[in-house]
Amino acid sequence: MSAPRFNLRGVAAIFAAEMARTRRTLLQSVVTPVLTTALYFVVFGSAIGSHMREVGGVAYGAFIVPGLIMLSLLTQSIANASIGIYFPKFTGTVYEILTAPLSAIEIVVGYVGAAAAKSIVIGLIILSTAAFFTPLQIDHPAMMALFLVLTSVAFSLFGFIIGIWAKTFEQLNFVPALVITPLTFLGGAFYSIDMLPPFWRTVSLFNPVVYLVSGFRWSFHGSGDVSLAASLGFMTLVIALCLGLLIWIFRTGYRLKP
Amino acid sequence: MPIISIASVAKSYGGFTALHDIDLEIERGEIFALLGPNGAGKTTLISIVCGAVSMSRGNVRVDGADILRDYRVTRRKIGLVPQEIALDIFATVWSTVSFSRSLFGRPKDNAHIERLLRDLALWEKRDAKIIELSGGMKRRVMIAKALAHEPDILFLDEPTAGVDVELRRDMWGLVRRLRENGVTIILTTHYIEEAEEMADRVGFMKGGRLVLVEEKTALMRKLGNRRLVLTLAEPLRALPAALEGWHAELEDGGRRIAYAMSEDAEKGAAQIIQRLGEAGVHIKDMAMNESSLEQIFVDLVGSDAGSQA
């Protein structure tokens, strides 16, 4: 029996099964992040934003749109990818993935591809939701799409690693809740870091999320807290680090294959 | 050429050695039973062949192909039913079995999935979610998943652990049908009866070592022993002189004579009965006790291990 060089059917099966899981948990997967973001728009955009001046020549409501989308992209990418691989580990069904004729790349493409696809769809839904609350302006749609895809892939890779690392549901939620969410809130989602005192502005430059929000905001309004090159460079760095770590995980079988 | 060839396979976890240089060949189309107490290394060994566990050293070939270099070829030939029921409880029977087939790169074949589900008495439950099924049905789903990609080799890790007698018989029937269709079966089991009933060859594992591999009937002939037990009409104080040199002994206060049968045609059951008759010993009843595979297993691996089997 000859075997194909790439197990496309296997990858498609993982992708489809992950998307089916999203359909089963539509309320949790899609409705919750959209509703949460809508609440942010109501509170920060409409209620508080109406009393605030423009930020960098952009109305406050429109200013926070890229940050809010990025907040959802990060949390959703990590959550989707981590649960995607953690759940088979938890239930024991991961044996089937490990014994199937699938390479490490194919497994990653299946799980991370599905998680990233879900995040992109949620990002686009949130973008559409934002249009109900504030007039949208997207100066560089191609760059916006690139940031949307790169961020989803980068943090789905990161989430996949967390899912492999986690031994308990508590560990699974640890990084998103205690690391990612605070970094996002302090990463300029609701303000420009130029509004901070010099010391805190310098500190913020060590926050990786600043580079993501800034780049994404640049694609909307043509300006950001840091340069576009720095944002793209950071994104590339995250993807490279995650891929490096995944190569090590699959070579050693770390917490996946004894 | 053997369908599976395991050469010097060892597995260590940190300082603990789970497998010590295992050598084993499985012939095409046979049913091979791997027996042994808990922790003997049975599951580790089959998990290595299937790809779920990495070996520390050694070499495994499936149908001539190396399981590491040619994993795409070898894994498509293998189906695994693990010991624990592991299923996505929210998936339907049909979707989870179809998923398994796709995962192994096989094209969609609804007719095959239908045949499989009908064979395993799951057809009526095809649209049911796994969470709605009984334990026995879940185990059947596990088998359906393992067979979804039409493997040449099926590994069954404790296939009937915790299932009722009826389902166990059904599974034995299924295994026989698979073998008739040319599928090679390797099963690990705690039920000696299972190995005795189905296996062509058996392998005994203990402490990560393969202690013995033997054709089942030859093993029973070689290691098993048959005892002729004669219940006497009147108890004896000593064995009659006519039985001197025979492997016979008095039991139960002289009420029974137990005789270990030998291959010697001159010392068969008829001869001992005749000698006792000539010595004036009247026999009230007689019985022949044959060693089961379980007894052989207990003798081989020790009583502690045997009690777990």
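The structure under discussion appears in the preceding block.
Rules used throughout
Residues numbered from 1 in each chain as written. Chains lettered and ligands numbered in written order. Predicted model: local features only at pLDDT ≥ 70, side-chain atom pairs only at ≥ 80, totals over all residues. Heavy atoms only, no water. Axes fitted to C-alpha atoms, helices over the stretch in contact; angles between N-to-C directions. Helix = DSSP H or I, 4+ residues; strand = E, 2+ residues; numbered from the N terminus. Parallel < 35°, antiparallel > 145°, perpendicular 65-115°, else oblique. Contact = heavy atoms within 4.5 Å. Nonpolar A, V, L, I, M, F, W, Y, C, P; charged D, E, K, R; others polar. Buried < 20%, exposed > 50% of the residue type's maximum accessible area, 1.4 Å probe, protein only. Polar contact = N/O pair within 3.5 Å; in protein donor to acceptor, adjacent residues only side chain to side chain. Phe/Tyr/Trp six-rings, centres within 6.5 Å; stacked < 30°, edge-to-face > 60°. Lys NZ or Arg CZ within 6 Å of the ring centre and 35° of its normal.

Visitor: With reference to specific residues and values, describe the packing of helix H5 (residues 135-147) of chain B against helix H6 (residues 165-180) of chain B.
Guide: Residues and elements named next belong to chain B. Close contact between H5 and H6 brings their axes to 11 Å; oriented N to C, the two are set at 10°. One finds that H5 runs roughly parallel with respect to H6. Only Leu167, Asp170, Met171, Leu174 and Leu178 of H6 make contact with H5, whose side of the interface consists of Gly136, Arg139, Arg140, Ile143 and Leu147. Split into classes, the residues belonging to the contact of H5 with H6 amount to six nonpolar, one polar and three charged.

Visitor: Can you tell me about the side chain of threonine 134 of chain A, naming the residues and giving the values?
Guide: Residues and elements named next belong to chain A. Among the secondary structure elements, threonine 134 is positioned in the loop between helix H5 (104-133) and helix H6 (141-165). On the accessibility criterion, threonine 134 (7% relative accessible area) is buried. Of the polar contacts made by the side chain of threonine 134, one reaches the backbone nitrogen of alanine 62; its length is 3.4 Å. Filtering out sequence-adjacent residues up to four positions away, threonine 134 remains in contact with Gly61, Ala62 and Val65.

Visitor: So, unusual backbone geometry: which residues are in play, and what are the values?
Guide: A negative phi angle is the norm for most residues apart from glycine, just as the trans form is the norm for most peptide bonds. All names here are of chain B. Within the chain, aspartate 21 stands out as a residue other than glycine whose phi angle is a positive 30°. Mapped onto the fold, aspartate 21 is located in strand E2 (residues 16-26). In this model, glutamate 150 sits at a positive phi of 55°, which is unusual for a non-glycine residue. Checked against the element boundaries, glutamate 150 lands in the loop between H5 and strand E7 (153-157). Judged by relative accessible area, which is 32%, glutamate 150 ranks as partly exposed.

Visitor: Account for the packing of aromatic side chains, naming residues and giving values.
Guide: In total, this model carries eleven aromatic pairs over all chains according to the counting rule given. Between tyrosine 111 of chain A and phenylalanine 160 of chain A, the aromatic rings sit 5.9 Å apart at their centres with planes inclined by 35°, giving tilted as the arrangement. Residue tyrosine 111 of chain A is found in helix H5, and its partner phenylalanine 160 of chain A is found in helix H6; the two are separated by 49 residues along the sequence. Judged by relative accessible area, tyrosine 111 of chain A falls into the buried class, the value being 5%. With relative accessibility at 0%, the residue phenylalanine 160 of chain A sits in the buried group. Relative to tyrosine 254 of chain A, the ring of tryptophan 248 of chain A has its centre 5.2 Å away and its plane inclined at 40°; by these criteria the two rings are tilted. Residue classification places tyrosine 254 of chain A among the partly exposed positions, given a relative accessible area of 26%. The lysine or arginine in question, arginine 126 of chain B, covers the ring of tryptophan 123 of chain B, its NZ or CZ lying 4.0 Å from the ring centre.

Everything listed here is a matter of coordinates, which is why it stays silent on function.
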